[in-house]
Amino acid sequence: GGRVLLRTADGTQLACDEVVNCAGHGAPRLAAALGGRPRSHVPAAHFAKGTYFALSGRPSPFRGLVYPLPQQAGLGVHATVDLAGRCRFGPDVEWTSNAEDVQVDPTRAAAFYAEVRKYWPDLPDGGLVPDYAGVRPKVSGRG
């Protein structure tokens, strides 16, 4: 309990009963900077990189989303169709300590073929091309 007093760099002060930290990648750093709490209450930074591959050379075989059974730390490699009708598959989960690592590793394609073929066995060889990746913060790490 107790009131929390926040002071910004420009001198602004805000008193409140609770603070909700929604700083995404910066949440652990912000929690540590706020102080007033035991260090054990500051969450560790955990980052999950998610890669997407796009279907190349043909229209999407799906009209909507296709979700496989969820996997550890994610929803599984699912199919999404954008407004232009382009089909993408992803994301996978790759634990990383680098929140800025958004490069797509083309060698991950083999795992994508295996995952996508669980619900679309007709995915042709050579049908996937690297698309994009993003890194999302997670409240817990691997395992």
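## Some thoughts on the environment of G141
- Relative to the assigned elements, G141 resides in the segment after β7 (128–138).
- Taking the C-alpha atoms as reference points, G141 and W95, 46 residues apart in sequence, are found 7.7 Å from one another.

## Comments concerning helix α1 (residues 27–34)
- Of the positions making up α1, those classed as buried are A27, P28 and A31. Along the axis of α1, the buried positions cluster into a sector of 100°, meaning they face one direction only. Residues R29 and A33 are exposed on α1 and point more than 90 degrees away from its buried face.
- Phi for G35, located one or two positions after α1, is positive at around 65°.

## What to know about the pattern of salt bridges
- Across all of its chains, the model carries nine salt bridges by this definition.
- The salt bridge involving K49 is made with D101; its shortest N-O contact spans 3.2 Å. Pair noted here: K49 is in strand β3 (residues 46–55) and D101 is in the loop between β6 (94–96) and α2 (109–116), with a separation of 52 residues, a long-range link.
- Given a relative accessible area of 3%, K49 falls into the buried group.
- One salt bridge in this structure joins E115 and K118, with 3.0 Å as the shortest N-O distance.
- On the basis of relative accessibility, which here comes to 61%, the residue K118 falls in the exposed class.
- One network of salt bridges, with partners in common, ties together D82, R86, R88 and D131.

## Focus on the side chain of T96
- Inspection of the secondary structure assignment puts T96 in strand β6.
- Looking at T96, the relative accessible area reads 18%, which means it is buried.
- In this structure the side chain of T96 is engaged in a polar contact, spanning 3.0 Å, whose partner is the backbone nitrogen of N98.
- Discounting chain neighbours no more than four positions away, the residues touching T96 are F47, K49, D101 and V135.

## A look at the confidence of the model for the protein chain
- Residues with a pLDDT of 70 or more make up 98% of the protein chain, whose mean pLDDT is 90.
- Averaged over each element, pLDDT in the protein chain is lowest for strand β1 (residues 4–7) (84) and highest for strand β5 (residues 87–90) (97).

## Comments concerning the layout of surface pockets
- Size it by volume and the largest pocket reaches roughly 360 Å³.
- For the largest pocket, the lining is made up of 16 residues, of which A31, L34, G35, G36 and R37 are closest to its centre.
- At the level of elements, β1 and α1 are the ones that each hand at least two residues to the lining of the largest pocket.
- Tallied by class, the residues present in the lining of the largest pocket amount to seven nonpolar, six polar and three charged.
- Every residue lining the second largest pocket is counted, 15 residues in all, and those nearest its centre are A27, P28, P43, K138 and V139.
- Secondary-structure elements contributing two or more residues to the lining of the second largest pocket are α1, β3 and β7.
- Considering each element in turn, the lining of the second largest pocket owes the most residues, three residues, to α1.

What counts as what
Residues numbered from 1 in each chain as written. Predicted model: local features only at pLDDT ≥ 70, side-chain atom pairs only at ≥ 80, totals over all residues. Heavy atoms only, no water. Helix = DSSP H or I, 4+ residues; strand = E, 2+ residues; numbered from the N terminus. Buried < 20%, exposed > 50% of the residue type's maximum accessible area, 1.4 Å probe, protein only. Arc of directions from axis to C-beta. Salt bridge = Lys/Arg side-chain N within 4 Å of Asp/Glu carboxyl O. Polar contact = N/O pair within 3.5 Å; in protein donor to acceptor, adjacent residues only side chain to side chain. Contact = heavy atoms within 4.5 Å. pLDDT = per-residue confidence, 0-100. 1 Å grid on protein atoms, 1.4 Å probe; cavity = no way out; pocket = protein on both sides within 12 Å on 5 of 7 lines; lining within 4 Å. Points joined across faces, edges and corners; volume = space filled by probe spheres on them. Nonpolar A, V, L, I, M, F, W, Y, C, P; charged D, E, K, R; others polar.

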